[in-house]
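Spelled out from the first residue to the last, the chains are:
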Amino acid sequence: MSDIIDVQAIDSEKAQALKAVGWISYLLHLVVAVGAVIPGAQPGAVLLIVALVIDLVKKSEAEGTWQASHFSWRIRSVLWAGILYVVTAPLWFLFILPGWIAWGLISLWFLYRIVRGMVAMNASQAVESAV
């Protein structure tokens, strides 16, 4: 028996596992983002909450890697979108058109952030930290 552990192989396996988790999270976010932009195709907030929980739980495992930026990116995207949706919700009660426009713009911004993150993940690069 050999007690030698190949650290590089373990790190590679961990990196691949984190990348797989990242793709699952991005795909869940993408389904929600596309559903928010297409009228009548709202998949619900449950998928978004599942993705957010995955990101919150796995974020600590990515500390010190390029993938840590992706976890933070997705978490910030969801939190900012949620805040913006809540802040603009009264527009729906007062005026239908401004509410629709505001939520449409927020949804497009959210979709942009998810696609931008997916492109960076595909290139195995960190995401810039700009909000």
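Before reading on, note that the structure itself is shown above.
What counts and how
Along each chain, residues carry numbers from 1 onward, in the same order as the chain's sequence is written. Local features are withheld for residues below a pLDDT of 70 in this predicted model, meaning they are given only at 70 or higher, and side-chain atom pairs are given and counted only at 80 or more; totals for whole chains, interfaces and linings count all residues. Computation of side-chain values covers all heavy atoms of the structure but excludes hydrogens and water. Side-chain atoms within 4.5 Å link the members of a nonpolar core, which is a set of buried Ala, Val, Leu, Ile, Met, Phe, Trp, Tyr and Cys residues. Between buried and exposed lies partly exposed: a residue is buried under 20% and exposed over 50% of the maximum accessible area for its type, with that area taken using a 1.4 Å probe on protein chains only. Residue contacts are defined here by distance: any two heavy atoms, one from each residue, within 4.5 Å place the two residues in contact. For this analysis, a salt bridge means a side-chain nitrogen from Lys or Arg found within 4 Å of a carboxyl oxygen belonging to Asp or Glu. Under the DSSP-based scheme used, a helix requires at least four consecutive residues in state H or I and a strand at least two consecutive residues in state E, with every element numbered from the N terminus. Working rule for helices: expected span equals 1.5 Å times residues minus one. The directions from the helix axis to the C-beta atoms form the arc being described.

### Overview of the nonpolar core
For step 1, the next point in the chain: One finds Y26, L48, V78, A81, F110, I114 and V127 to be the most contacted residues of the largest nonpolar core, which totals 18 residues.
For step 2, the next point in the chain: With residues up to four places along the chain from it excluded, the contact list for V78 reads H29, L48, L52 and F110.
For step 3, the next point in the chain: One finds L18, V21, A62 and A68 within the second-largest nonpolar core, a separate group that totals 5 residues.

### A closer look at the pattern of salt bridges
Side-chain pairs of opposite charge can arise whenever the charged atoms involved come near each other.
For step 1, the next point in the chain: Following the criterion strictly, the structure yields 2 salt bridges and no others.
For step 2, the next point in the chain: A salt bridge links K58 to E61, with the nearest nitrogen and oxygen atoms 3.3 Å apart.
For step 3, the next point in the chain: Its relative accessible area of 26% is what places K58 among the partly exposed residues.

### Description of the environment of Q125
For step 1, the next point in the chain: Its location among the elements puts Q125 in the segment after α5 (96-122).
For step 2, the next point in the chain: When the C-alpha positions of Q125 and Q67 are compared, they lie 7.7 Å apart, and in sequence the two are 58 residues distant.
For step 3, the next point in the chain: Not counting the four nearest positions on each side in its chain, Q125 is found in contact with W66, H70 and A120.

### Regarding helix α2 (residues 45-58)
For step 1, the next point in the chain: Between its terminal C-alpha atoms α2 stretches 20 Å, which fits the 20 Å expected from 14 residues at 1.5 Å a residue.
For step 2, the next point in the chain: When α2 is considered as a whole, its buried residues turn out to be L48, A51, L52 and D55. Considered in projection along α2, the buried side chains sweep an arc of 100° and stay on one side of the axis. In this structure, α2 carries V46, I49 and V57 as exposed residues pointing more than 90 degrees from its buried face.

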